[in-house]
Amino acid sequence: MSDSILIVHCAEGAKKALARMTEEGYKLPPRFKTFELPCTGSVNEVLLMENLSNGAKGVVVLGCRKENCKHLDGNLKAERKVARVKRLLSEAGAEGRFVEMVYAAPDEGKRLHETLLGFARAGEAEGKS
Amino acid sequence: MSDSIVAVLCDQQCSSKGPLQAANLTKRLAKSSTVGKLIVLDKACQDPEKKLKKVAGQKILFGGCPYLEESGFYSLAAEKLGLRPGEMLVTDVKSSILDLYDSSTAIEDNLIGRLESLGRLLADSAGLKDRPVKLKRNVLIFGSGYSGLKAALELSGEKLSVDLVETEDPPLAPGCLAEGLVCPGLIKELTSEVRTSEHVAVFPQAQMGPIQSVEKGFTVSFGGGELREYGAVIFAPERSEAPADQIGAWNLTQLYKRLHERRPIKGRIVFLLDRRSETPPEVIQDILIAAKVIKERSHAELWILLKQMRVALPGLQELYDTAREMGVIFVKYENLRLQNEFGDFQITGEDPQTGASFRISNPDRVIIPGTSGLSASALNAAETLGLRLLNGQYTQPYSLWRLANESNHPGVLVCGSARGNMDGGGVAADAASVVQALKARMIPEGITPVEHIASVDADKCVYCLTCVRVCPYHAMGKNIEERVAQPVTTACQGCGICAAECPAEAIDMRNLSRETVLAAMQAL
């Protein structure tokens, strides 16, 4: 699983956004893996850190648009946890590993694709330097 | 966003609430992402066929006053536009349900909220399907008032097993209102019909044990007997009225009770309306009916003091006229003072239109409508069921008028006047719509039960109640005796937020424990 980027997405808007992205013909490189959870609110720090320590390059938490969460504010709860892990990573000096929170609506296939590829490119650039 | 949804707003500003800022509403609704297109029909109830020609679309959302239904507008619309159920939703721009809110922006917010929720329901009718859990075909009805009895009778024809809990103080009439004076035997008739029905079992409330939430249902035992299982609960509790705030004054319940018991009401009677907040038209309707009955029975001198005459209910204007003909004195007031000097009780005030002051000396009885909420036994039952209340009742801003109002528990539907002021017709319609919604839920096809459900490891739980705070569905309860969190399995929607937030890692989601998730992630 090394060098892979794990996308943890919710089963609602984010899942639809990913499906839309594929439908529109935007493909992700094979290093992207996706994993579905009922809500991004069910992600916690341990889960994110475990994945990074198991060798993932980065974890992208992909949730519904803000104020659009089926479970009220699961995506905002996830954002807070992502921010905490980010801080931990920078404090620990874990360069080259990242966590990001991304919000996507079901009609944002193209934007989502660009954002995700952006993470991959940023990761590569960091790796080279 | 969804072009197919057309919102149609009636612009006939005849509601007693005055202009409901139709222009503002139109502006704000036009910005809403839920509604694709907005059409404002001016006076939709007049020449509806012509007006309906303006409206074309696959799914339609109507907002209008109660007169629209009275005039058959909606059924005509369904017929003319060929709309099937679910392709048209209707909401009333009705003052009574807005009475909870004082400021006009709150009223607007509420209305926009309701219209938008309706729009979302229309837009995402596919999304609605996966939410409800499959309900077992036995139903518990709490409440033996008009709505409870109506619901029981509607359901008994459906070959379901129905248990009805009779409340301790059986109501006198639809919603314990004066309407019962016009049709005195109604509740008795319905009760005997329910009792003789072979599909309905009746239990007294005194025998009812606590309602336990079990997976996909509820259990209750009566009189210590065996546990009875239910898939759904119709919560049709009584409303009760708080005592009048003035010493010696009656509230409406006290008045209606006396009238039902045919005890005499004589002398100078003063009804004091709009005292704290506006009196809803349904309540005014009741008061006028009661006034009529009092006048028919005795030579009482009746005064009705109000700030504004509201007519936003079919037939209310006629009732005003009849009452006036019978000699009831209506006075609009401002600067009202109640004085008690030297044993003399005085009500003085001014008429805002003429500026003339008036004085009523020594009335024999002052009647002030109290604020109404749920009765104590209903509140207890609501607590057992873990229902969420707003302002002490169930008229939630997003509870949709004319749509069955599901509580925060799947399978528990709130019904009848507990949702707000309704007249008898409204209560009957509400009971019917709740029954319709329940029947739809009981169809086994196309319904996927929630896959993941939270469970708490009692040994690990430190009773910090983080889960109780974070659960968006109020599905996490407390076991106070054992000091552990206890999930309400019927309400759990399996989002996993509680498990992620639990600092003690005491919550496990079925099929979604951290080990399972991590192993699955590794296997990718």
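Up top is the structure these notes are about.
Residues numbered from 1 in each chain as written. Chains lettered and ligands numbered in written order. Predicted model: local features only at pLDDT ≥ 70, side-chain atom pairs only at ≥ 80, totals over all residues.

Moving on, we get to the overall build of chain B. The secondary structure content of chain B amounts to 17 helices and 26 strands. Residues classed as buried in chain B amount to 42% of the 524 residues present. Here the contacts in chain B between residues at least 6 apart in sequence split such that 72% fall between residues at least 24 apart. (Helix = DSSP H or I, 4+ residues; strand = E, 2+ residues; numbered from the N terminus. Buried ≥ 20, exposed ≤ 12 C-beta atoms within 10 Å, placed from the backbone. Contact = placed C-beta atoms within 7 Å.)

Looking only at helices and strands, chain A has four helices and four strands in total. Its helices and strands in sequence order give chain A the pattern β-α-β-α-β-α-β-α, from N to C terminus. A buried classification covers 40% of the 129 residues belonging to chain A. Contacts in chain A between residues far apart in sequence, at least 24 positions, make up 80% of those at least 6 positions apart.

Here we take up the packing of helix α7 (residues 146-156) of chain B against helix α9 (residues 186-196) of chain B. All names here are of chain B. It is the contact of α7 with α9, at a shortest axis distance of 10 Å, that shows an interaxial angle of 40 degrees. Of the two elements, α7 crosses α9, and the hand of that crossing is left-handed. Of α9, the residues touching α7 (which contributes Y146, L149, A152 and L153) are I187, L190, T191, E193 and V194. Its residues placed into classes, the contact of α7 with α9 shows seven nonpolar, one polar and one charged. (Axes fitted to C-alpha atoms, helices over the stretch in contact; angles between N-to-C directions. Left-handed = near helix turned anticlockwise from the far one by under 90°. Nonpolar A, V, L, I, M, F, W, Y, C, P; charged D, E, K, R; others polar.)

Residue and element names in this part refer to chain B. Pairing in this open sheet of four strands is parallel, and the strands run β15-β14-β13-β19 from one edge to the other. Unpaired on one side and paired on the other, β15 (329-332) and β19 (365-367) mark the two borders of the sheet. Across the sheet, the mean angle separating the axes of adjacent strands is 20 degrees when strand polarity is ignored. Across four bridges, strand β14 (residues 301-306) lies against β15 in parallel orientation. Residue pairing across strands places L306 opposite K332, the latter belonging to β15. (Pairing = 2+ DSSP bridges.)

This paragraph deals with the interface of chain B and chain A. It is common to report an interface's size as the accessible area lost on association of the parts. Chain B puts 15 residues into the contact, and the matching count from chain A is 19 residues. Elements supplying a minimum of two residues to the side of chain B that touches chain A: α16 (497-501) and α17 (514-522) of chain B. For the side of chain B that touches chain A, the leading source of residues is α17 of chain B, giving five residues. Across the side of chain B that touches chain A, the residue classes break down as nine nonpolar, five polar and one charged.

For the rest of this paragraph, the subject is the sheet that holds strand β18 (residues 357-361) of chain B. Adjacent strands of a sheet pair through backbone hydrogen bonds, lying either parallel or antiparallel. All names here are of chain B. With antiparallel pairing, three strands are arranged side by side in an open sheet as β16-β17-β18. Of all strands in the sheet, those bounded by a partner on one side alone are β16 (334-341) and β18. Averaged over neighbouring strand pairs, the angle between their axes works out to 15 degrees when direction is ignored. Bridge count for β16 against strand β17 (residues 344-350) is six bridges, and the pairing is antiparallel. The residue of β17 that forms the bridge with N340 is F345.

What follows concerns unusual backbone geometry. Unusually for a residue other than glycine, L72 of chain A sits at a positive phi of about 75 degrees. C-beta crowding within 10 Å serves as the criterion here: with 17 such atoms nearby, L72 of chain A is assigned to the partly exposed category. Its identity is not glycine, yet D274 of chain B carries a phi of approximately 55 degrees, on the positive side. Its place among the elements puts D274 of chain B in the loop between β13 (268-272) and α11 (281-297). Judged by the 17 C-beta atoms lying within 10 Å of it, D274 of chain B is partly exposed.

Residue and element names in this part refer to chain B. Between its first and last C-alpha, α11 extends 24 Å over 17 residues, near the 24 Å set by a 1.5 Å rise per residue. With twelve of 17 residues buried, α11 lies mostly within the body of the structure. Burial in α11 covers these residues: P281, E282, V283, I284, Q285, D286, I287, L288, I289, A290, A291 and I294. (Expected span 1.5 Å × (residues − 1).)

If a strand is regular, its side chains alternate between the two faces of the sheet. Residue and element names in this part refer to chain B. With five of its six residues buried, strand β6 (residues 161-166) lies for the most part within the structure. As judged from the five bridges shared by strand β5 (residues 138-142) and β6, these two strands associate in the parallel manner. Directly across from V139, in β6, lies its bridge partner V162. Bridging between β6 and strand β7 (residues 200-204) involves five bridges; their strand directions are parallel. Across the sheet, the residue bridging to E166 is P204, located in β7.

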